[in-house]
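# Overview (structure and organization)
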Amino acid sequence: MEWDIFLAPYKQAVDELKVKLRGYRDLHEVSGKNSPIEFVTGRVKPVPSILDKAKRKAIPLDQLNTQMQDLAGIRVMCQFVDDIMKVVGLIRGRTDLTVVEERDYISEKKKSGYRSYHIVVQYPVQTVDGEKKILAEIQVRTLAMNFWATIEHSLNYKYKGNIPTDVKARLIRAAEAAFRLDEEMSQIREEIWVAQQRFLQKNADKD
């Protein structure tokens, strides 16, 4: 398989979706409103990861475009838990993509403690061969959830998916602590937002 050619539309989709989702934040800032989006990142799944997942899930390489939903991945980070569903609503309301599937790992967390909201979308990209509709996965989570997920991913890589039992238990406790932090921050979100606006204004006055 010619991976560069195959993955080019996915890279294009990631780049376009990052710009569009970041646009929400910019519009909120211009209007002086609190943005539900803190920042956006994205990536195309590396070829070794694609091959590994295809092997684990028994996905034929000629069916990757329909069977592997996260070849193009976008992560949207929010400051507060309540902002997650606001972002989900924004995505649902877009007319330039179609929501294919939603998985709520916040209301129903994974056994590992993982929390995030996943939205699989079908997104059209314009290629030299015409329009191509591809699948992309958008993960929406708080900064605390993202920190935990990043650590868990690193440990899974280190232990090749077999994290020791005692480490798993600590990870679960850490996940709950992170979620309690999110809940506490949500209780004082108005005070946090006002403080941030004053800080930004102070810096702007210096320029």
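Fair warning: this is a prediction, and the values are worked out from it, not measured in the lab.

## A short note on the overall build of the protein
Scanning the protein for helices and strands turns up seven helices and five strands. Going from the N terminus to the C terminus, the protein shows its helices and strands as α-β-α-α-β-α-β-β-β-α-α-α. Seen through its principal axes, the protein has C-alpha atoms that stretch 55 × 50 × 30 Å. Per-residue burial for the protein yields a buried fraction of 39% across its 207 residues. Sequence-distant contacts, at least 24 apart, represent 65% of the contacts inside the protein between residues at least 6 apart. Counting every atom, the protein has about 12600 Å² of accessible surface; 54% of that belongs to carbon and sulfur. Of the side chains in the protein, 34 bear a positive and 30 a negative charge, and the two mean positions are spaced by 5 Å.

## Overview of the pattern of salt bridges
Within this structure, the stated rule accounts for 13 salt bridges. A salt bridge links Asp 96 to Lys 20; the nearest nitrogen and oxygen atoms lie 2.9 Å apart. Of the two residues, Asp 96 is situated in the loop between helix 4 (81-92) and strand 3 (98-104) and Lys 20 in helix 1 (residues 3-31); the sequence distance between them amounts to 76 residues. A salt bridge links Arg 103 to Glu 101, with the nearest nitrogen and oxygen atoms 3.0 Å apart.

## Some thoughts on the packing of helix 5 (residues 143-158) against helix 6 (residues 165-187)
Two numbers describe how helix 5 lies on helix 6: the axes approach to 9 Å, and their chain directions differ by 165 degrees. In terms of orientation, helix 5 and helix 6 fall into the roughly antiparallel class. In this structure, helix 5 meets helix 6 at a crossing whose hand is right-handed. Residue-level contacts link Ala 144, Met 145, Trp 148, Glu 152 and Leu 155 of helix 5 to Val 167, Leu 171, Ala 174, Ala 175, Ala 178, Phe 179 and Asp 182 of helix 6. Within the contact of helix 5 with helix 6, the residues separate by chemical class into 10 nonpolar, no polar and two charged.

## Observations regarding the side chain of Lys 18
Tracing the sequence through the fold places Lys 18 in helix 1. Despite its burial, Lys 18 pairs with no opposite charge, the nearest such side chain being Asp 15 at 4.2 Å. With near-sequence residues (within four places) excluded, Lys 18 lies in contact with Val 40, Thr 41, Gly 42 and Ile 74.

## Re the nonpolar core
Grouped together as the largest cluster of nonpolar side chains are 39 residues, with contacts concentrated most on Leu 64, Ile 74, Val 76, Ile 84, Ile 91, Ile 138 and Val 140. Contributions of two or more residues to this core are made by helix 1, helix 2 (47-57), strand 2 (72-78), helix 4, strand 4 (117-127) and strand 5 (130-142). It is helix 1 that provides the largest number of residues to this core, a total of nine residues. Counting eight residues, the second-largest nonpolar core is a separate cluster that includes Tyr 105, Ala 149, Val 167 and Ala 175.

## A look at the environment of Ile 50
Inspection of the secondary structure puts Ile 50 in helix 2. Accessibility expressed as a relative area gives 0% for Ile 50, which makes it buried. Considered as a pair, Ile 50 and Phe 80 are 30 residues apart in the sequence and their alpha carbons are 32 Å apart. Sequence-distant contacts of Ile 50, that is, excluding residues within four places in its chain, are made with Trp 3, Leu 7, Lys 45, Leu 64, Met 68 and Leu 71.

## What to know about a nonpolar patch on the surface
A cluster of nonpolar side chains, Met 1, Leu 51 and Leu 61, forms an exposed patch at the surface whose accessible area comes to about 270 Å². Position of Leu 51 relative to the elements: it lies in helix 2.

## Describing the sheet that holds strand 2
Judged by pairing direction, the sheet is mixed, and its five strands sit side by side in the order 1-2-5-4-3 without closing on themselves. Looking at the sheet topology across the chains shown, the edges are occupied by strand 1 (39-44) and strand 3. Along the sheet, successive strands turn relative to each other by an average axial angle of 25 degrees, direction set aside.

Thresholds, definitions, all that
Residues numbered from 1 in each chain as written. Predicted model: local features only at pLDDT ≥ 70, side-chain atom pairs only at ≥ 80, totals over all residues. Heavy atoms only, no water. Helix = DSSP H or I, 4+ residues; strand = E, 2+ residues; numbered from the N terminus. Buried < 20%, exposed > 50% of the residue type's maximum accessible area, 1.4 Å probe, protein only. Contact = heavy atoms within 4.5 Å. Areas by Shrake-Rupley, 256 points an atom, 1.4 Å probe, with all protein chains shown as cover. Lys, Arg positive; Asp, Glu negative; His and termini not counted. Charge placed at Lys NZ, Arg CZ, Asp CG, Glu CD. Salt bridge = Lys/Arg side-chain N within 4 Å of Asp/Glu carboxyl O. Axes fitted to C-alpha atoms, helices over the stretch in contact; angles between N-to-C directions. Parallel < 35°, antiparallel > 145°, perpendicular 65-115°, else oblique. Left-handed = near helix turned anticlockwise from the far one by under 90°. Nonpolar A, V, L, I, M, F, W, Y, C, P; charged D, E, K, R; others polar. Core = buried A, V, L, I, M, F, W, Y, C linked by side-chain atoms within 4.5 Å. Patch = residues over 30% accessible without salt bridge, like charges linked within 9 Å, V, L, I, M, F, W, Y side chains within 5 Å. Pairing = 2+ DSSP bridges.

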